[in-house]
Amino acid sequence: HADRYHFIKADIADGAVLRGVFERGKFDAVINFAAESHVDRSISDPGRFVQTNVMGTSNLVGLAREFNVARFVQVSTDEVYGSLKTGDVPFTETTPLSPSSPYSASKAGADLLVLAAHRTFGQDVVITRCSNNYGPCQFPEKLIPLMISRAMADDLLPVYGDGGNVRDWIHVVDHCCGILAVLKEGEAGAVYNLGADCERTNLEIVRQILDILGKPESLVSFVKDRPGNDWRYAINSAKARNELNWEPKCDFESGLRETVEYYRAEC
């Protein structure tokens, strides 16, 4: 409903524009979803990621503090923890930060700025770190929508390496419910992992998409792995589940099928 929101298109790295937004409105909370998030593009243009993810977050958290916003939620990523080997235990909130790409390094830097605002100024901040999202409306450069669109067009599906890299997947609705729980009930200064215990190799994902669409596996094209590609992500979200009474509800197989059907209908 149009009366429930006011959309302003702006760059969070533009401090002057953001100040005008904060001067015109009174906010109960700021939730920072905004980010440059595509690892491949961070390799070709790291500065853009530093500008948005670090400087943009610094602008937002500083203005939230200046204008007495009650709570600041930083939406981050499990990629700040780095990479796991096969058999390693999943990431927890106390796993040391060890980012591998300019993207994840910029998100780790943003997280540290947000935590520093809590420790230095007593600002009420919380951080969420989530596993890979999927679902309707996702930007087409991401793995699942990219593979769906290429498969529907009978184009080759580029898969890095041998396709064995493992990612932990969560439906976007479950992720947003987790963020809402953190906004309402999270402890100031805390970090909460949000995951659905759904590890899949990239090749498994691609094969499932081809199966749903009735397309041949011959469309898979293995390509040279990208530099510094993390082998595996897995996330332990017990803290959020136990403290916030949150848990993911979407089954991956049905969620993926729903996602494929969304893109098929859109095209």
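Above this text is the structure in question.
Bear in mind that the values here come from a model prediction, so they are computed numbers and not experimental data.

(A) Region of the structure containing the sheet that holds strand E4 (residues 132-134). Here three strands make up an open sheet; going across it, the order is E4-E6-E8 and the pairing mixed. Of all strands in the sheet, those with a lone pairing partner are E4 and strand E8 (199-201), marking the two edges. Shown here is a sheet whose adjacent strand axes are inclined to one another by a mean of 50°, direction ignored. The pairing of strand E6 (residues 166-171) with E8 spans three bridges and is classified as antiparallel.

(B) Molecular detail of the packing of helix H5 (residues 143-152) against helix H9 (residues 252-266). Closest axis-to-axis distance for the H5/H9 pair is 10 Å, and the angle between their directions is 55°. By the angle class used here, H5 and H9 are oblique. Two packed elements cross with a definite hand, and for H5 against H9 that hand is right-handed. Note on element contacts: H9 touches H5 through Leu256, Thr259, Val260, Tyr263 and Arg264, opposite Ile144, Pro145, Ile148 and Met152. Taken together, the residues that form the contact of H5 with H9 break down as seven nonpolar, one polar and one charged.

(C) Representation of the environment of Phe139 within the structure. Relative to the helices and strands, Phe139 resides in the loop between E4 and H5. On the accessibility criterion, Phe139 (54% relative accessible area) is exposed. Between the alpha carbons of Phe139 and Val220 there is a distance of 21 Å; along the sequence they are 81 residues apart.

(D) Examining the state of the cysteines more closely. If you walk through the whole model with that rule in mind, you get zero disulfides. With no disulfide of its own, Cys137 has Cys176 as its nearest cysteine by sulfur position, at a separation of 11 Å. No disulfide involves Cys250; its sulfur sits 9.3 Å from that of Cys198, the nearest cysteine. Owing to a relative accessible area of 29%, Cys250 belongs among the partly exposed residues under this scheme.

(E) Representation of the pairing of strand E3 (residues 125-130) within the structure. Summarising burial for E3: six of the six residues are buried, a large majority. Burial along E3 is two-sided: the face carrying Val125, Ile127 and Arg129 and the face carrying Val126, Thr128 and Cys130 are both buried. Bridging between strand E2 (residues 71-77) and E3 involves six bridges; their strand directions are parallel. Across the sheet, residue Phe72 finds its bridge partner in E3, namely Val125. Strand direction decides the pairing type here: E3 and strand E7 (residues 191-194), joined by four bridges, are parallel. Bridged to Cys130 within E7 is Leu194.

(F) Spatial organisation of the pattern of salt bridges. Evaluation of the coordinates by the stated rule reveals 13 salt bridges. Lys215 is paired through a salt bridge with Asp154; the nearest N and O atoms lie 2.9 Å apart. Here the residue Lys215 occupies a position in the loop between helix H7 (202-213) and strand E9 (220-223), and Asp154 occupies one in the loop between H5 and strand E5 (157-160), the gap between them amounting to 61 residues. Classification of Lys215 by relative accessible area gives partly exposed; the value is 24%. Here Arg264 and Glu261 are joined by a salt bridge, their closest N and O atoms 2.5 Å apart. One end of the pair, Arg264, and the other, Glu261, are both in helix H9, three residues apart, so they sit about a helical turn from each other.

Rules and cut-offs
Residues numbered from 1 in each chain as written. Predicted model: local features only at pLDDT ≥ 70, side-chain atom pairs only at ≥ 80, totals over all residues. Heavy atoms only, no water. Pairing = 2+ DSSP bridges. Helix = DSSP H or I, 4+ residues; strand = E, 2+ residues; numbered from the N terminus. Axes fitted to C-alpha atoms, helices over the stretch in contact; angles between N-to-C directions. Parallel < 35°, antiparallel > 145°, perpendicular 65-115°, else oblique. Left-handed = near helix turned anticlockwise from the far one by under 90°. Contact = heavy atoms within 4.5 Å. Nonpolar A, V, L, I, M, F, W, Y, C, P; charged D, E, K, R; others polar. Buried < 20%, exposed > 50% of the residue type's maximum accessible area, 1.4 Å probe, protein only. Disulfide = S-S within 2.5 Å. Salt bridge = Lys/Arg side-chain N within 4 Å of Asp/Glu carboxyl O.

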